[in-house]
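Below are the chains, spelled out letter by letter.
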Amino acid sequence: DLASRLDCASVAYLFEIVEEKESALFVDHYLPEDTLEESENDSYSGWAKDNHIIVTDGNTIDFDKIEEDIKEGCANFNVRVVGYDPHQATQFSTHLVAEGIPMVEITQSVKNFSEPMKFLEEIATNGNIQHDGCPVLEWMISNVVCHVNAKDEIYPNKEFRENKIDGVVATIMALFGFLKYEPEEESVYESSGIKVLGDD
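Small disclaimer: the values here were computed from a predicted structure and weren't measured. (Residues numbered from 1 in each chain as written. Predicted model: local features only at pLDDT ≥ 70, side-chain atom pairs only at ≥ 80, totals over all residues. Heavy atoms only, no water.)

A.B. asks: Please set out the overall build of the protein chain residue by residue, giving values where relevant.
C.D. replies: Along its length, the protein chain carries 8 helices and 9 strands. The proportion of buried residues among the 200 residues of the protein chain is 48%. Within the protein chain, contacts between residues separated by at least 24 positions form 67% of all contacts whose residues are at least 6 apart in sequence. Of the roughly 10,500 Å² of accessible surface on the protein chain, 45% is carried by carbon and sulfur atoms. (Helix = DSSP H or I, 4+ residues; strand = E, 2+ residues; numbered from the N terminus. Buried < 20%, exposed > 50% of the residue type's maximum accessible area, 1.4 Å probe, protein only. Contact = heavy atoms within 4.5 Å. Areas by Shrake-Rupley, 256 points an atom, 1.4 Å probe, with all protein chains shown as cover.)

Here it is in structure tokens:
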């Protein structure tokens, strides 16, 4: 989820642990240096110092840095798909498609988010997802307000603008790719590499 150029952006890496029928989740968070210095969120500086946030130079998100990190991930692991929101990342995705990376449009809508969000709730409740205890993601999860419509479909939202949820949105996008796109062959399914990515 690439969000605003002036604010936080997140990339979720979702691994499948076939033998244990579990998933492992890692989320990178990016923040412009100027936003870090001007933010009223006192936790940002501590998270950046502890390497839980990747700080980029200037006053806008460094998309080139995110591109390079995704290309590195795709070079090191067997990637099924990289999900992205076309509203925020058309040029970004064009660059990665040119590099042969399997980009998939995932519009941030109730239709696309309801099933993977329910799945996230299920695997979290059942203890079938592992993570590295990132405090940024923990904070973002605590900011999520679950909206339910008349069709019992759900969608993540936030109560206040400063309550960021980009890492959660990126995770839901990764789970969308996991649920929708099957591996092309058994060897990919059995590998221990990244299966899907989502950027927010």
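A.B. asks: Mind laying out the pairing of strand β4 (residues 81-84), listing which residues take part and the relevant values?
C.D. replies: With burial as the criterion, each face of β4 is covered, one bearing V81 and G83 and the other bearing V82 and Y84. Bridge count between β4 and strand β5 (residues 103-105): 3 bridges; the pairing is parallel. Across the sheet, Y84 pairs through a bridge with E105, a residue of β5. Handedness of the β-α-β unit built from β4, helix α4 (residues 86-98) and β5 comes out right-handed. (Pairing = 2+ DSSP bridges. Right-handed = clockwise from strand over helix to strand, strands pointing away.)

A.B. asks: Hey, could you go over the layout of surface pockets for me, with residue numbers and the actual values?
C.D. replies: Each pocket or cavity is described by its volume, and for the largest pocket that value is around 460 Å³. Lining the largest pocket we find 18 residues, and of these L120, E121, A124, I141 and V168 sit closest to its centre. Put simply, the parts of the chain that give the lining of the largest pocket at least two residues each are α5 (110-125), β6 (129-131), α6 (135-143), β7 (144-148) and α7 (166-180). The biggest single contributor to the lining of the largest pocket is α5, with 5 residues. Lining the second largest pocket are 15 residues, with D7, T35, S39, R161 and K164 positioned closest to its centre. Take the lining of the second largest pocket: its biggest share by element is 3 residues, from helix α1 (residues 33-38). Its residues placed into classes, the lining of the second largest pocket shows 3 nonpolar, 5 polar and 7 charged. (1 Å grid on protein atoms, 1.4 Å probe; cavity = no way out; pocket = protein on both sides within 12 Å on 5 of 7 lines; lining within 4 Å. Points joined across faces, edges and corners; volume = space filled by probe spheres on them. Nonpolar A, V, L, I, M, F, W, Y, C, P; charged D, E, K, R; others polar.)

A.B. asks: Run through the confidence of the model for the protein chain, naming residues and quoting values.
C.D. replies: Low-confidence regions, as indicated by low pLDDT, have predicted coordinates that should not be scrutinised in detail. Per-residue pLDDT for the protein chain averages 88, and the proportion of residues at 70 or more is 88%. Across the protein chain, the element-wise mean pLDDT spans from 42 in helix α8 (residues 186-190) up to 97 in α6. Under a pLDDT of 50 for its full length, residues 186-194 has, in the predicted model, 23 contacts with residues more than four places off or in other chains. (pLDDT = per-residue confidence, 0-100.)

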